[in-house]
Amino acid sequence: MEIKRYLQQLRDEGNFREIPNFTKTGVIDFSTNDYMGLSADDALQERFFADPAARKVPMTSSAARLLAPRQIEYANLEVFLRLLYAARRGDDTGALMFNSGYHANTGLIPAIASSDTYIIADKLVHASIIDGIILSRAPYARFPHNDFDRLEAMLERKAGEYGNVLVIVESVYSMDGDSADIERLIALKRRYRNVMLYVDEAHAFGVLGPRGLGLAAASSDPGMVDVVVGTFGKAAASMGAFAITGCDLRDYLVNTSRSFIFSTAIPPIQAAWTRFTLGSLVRMDAERGHLAELGSRLRNVIHKYSPVEVVPSHIQPLIVGDSRKAVELSHKLYNIYGIKALPIRKPTVPAGTERLRFSLNASMTFSDIDTLDHALGDLLPAINPPKL
């Protein structure tokens, strides 16, 4: 398709995207993934740079991880992660850093999926997972979102045909805020011994589970999850990602994961900062409790205006069902009420489920939720008012 015609079609449909340039100050920001509010904690950054040693850490790695001359910051971070997760998973725990969640998923999945692997993924997994599956060249199928009966039926048909079946889910889904049933997945792995479980915890890490380690760590048997993926660019207020695996699989990935081997590593200063922020993050149980309370309050607000049931999570959608209406509502919230909530449109979400995505952070107050309630009440009809 001609580029100009394609761009005009996007504009006509309300699906044209531009890099935002927000200038208004004092807004209530429901758009970021800074779930624990750490990125706005100026005191945290001041404490980090108060250490003279931190100010001398290099700003560039100058090479891929296998060639980088300085490894100490990466090693410190990976050891810290390994010890955190080993407390739940046992001694056979390894940690490996990646440059981003996208790099992790596009590097891990092709490395893990051999010629005798069949992949089954939830229908709503992230685009980076889909790209990783495609890069693996392994046969695959997708089961309806969170339909574990359908997943089990697929395993009954396919598990005997392949040496390995790689089941991929997210623990918390980025557009709906709902969660996978980790216990059900563990039960399926016990039944089908050639199943590997791969859980992307990008939107759970720092927020849920013991010390914020995610839903797999909160399960009855965390070691049954073969690969846990987490990211630092959300709740940890940094950048990069990591994989938690068994020790042998970790070493295998160092030798086979192309995104790890062939990418210049993130700067050592970034790894040092991440290790520093994680020291705070794992102690933020009170803030995690407050975030859960905010989620319950937001759910009550969304329930008034949406025909679609939502869960009381730190991520909640207001389904609008039309791209242009979603954009219009987002603009009005920002320009009139100082509320930043961005429209999510196809292909990020399926056509007909266009929405505003509300993302909470622990530094918010109940009055912020009340302000949103007032704004939506002015702009939208009450589709599903509470019963008196």
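Parameters at a glance
- Residues numbered from 1 in each chain as written.
- Predicted model: local features only at pLDDT ≥ 70, side-chain atom pairs only at ≥ 80, totals over all residues.
- Heavy atoms only, no water.
- Pairing = 2+ DSSP bridges.
- Helix = DSSP H or I, 4+ residues; strand = E, 2+ residues; numbered from the N terminus.
- Buried < 20%, exposed > 50% of the residue type's maximum accessible area, 1.4 Å probe, protein only.
- Salt bridge = Lys/Arg side-chain N within 4 Å of Asp/Glu carboxyl O.

## Some points on the sheet that holds strand E12 (residues 355-359)
Think of a sheet as strands paired side by side through backbone hydrogen bonds, with each pair either parallel or antiparallel. Spatial strand order, E9-E12-E11: 3 strands in an open sheet with antiparallel pairing. In this open sheet, the two strands that pair with only one neighbour each are strand E9 (315-319) and strand E11 (343-344). Inspection of the sheet shows E11 paired to E12 by 2 bridges, in the antiparallel sense. Residue isoleucine 344 lies in a different strand from E12, and its bridge partner there is arginine 355.

## A short note on the pairing of E12
Burial analysis of E12 places 5 of its 5 residues in the buried class, the great majority of the element. Burial of the side chains of E12 extends over both faces: Arg355, Arg357 and Ser359 are buried on one face and Leu356 and Phe358 on the other. Pairing between E9 and E12: 5 bridges, direction antiparallel. Within E12, the residue paired with glutamine 316 across the bridge is phenylalanine 358.

## Some remarks on the pattern of salt bridges
Once their charged atoms are close, side chains differing in charge can pair, the charge on each being opposite to the other. Enumeration over the complete set of coordinates arrives at 19 salt bridges. In this structure, glutamate 78 engages arginine 65 in a salt bridge whose closest nitrogen and oxygen atoms are separated by 2.9 Å. Of the two residues, glutamate 78 is situated in helix H3 (residues 72-89) and arginine 65 in the loop between helix H2 (42-49) and H3; the sequence distance between them amounts to 13 residues. In terms of burial, glutamate 78 and arginine 65 fall into one category: buried. Two residues, aspartate 176 and arginine 355, come together in a salt bridge whose shortest N-O distance is 3.1 Å. Here the residue aspartate 176 occupies a position in the loop between strand E5 (164-170) and helix H7 (182-191), and arginine 355 occupies one in strand E12, the gap between them amounting to 179 residues. Looking at aspartate 176, the relative accessible area reads 22%, which means it is partly exposed.

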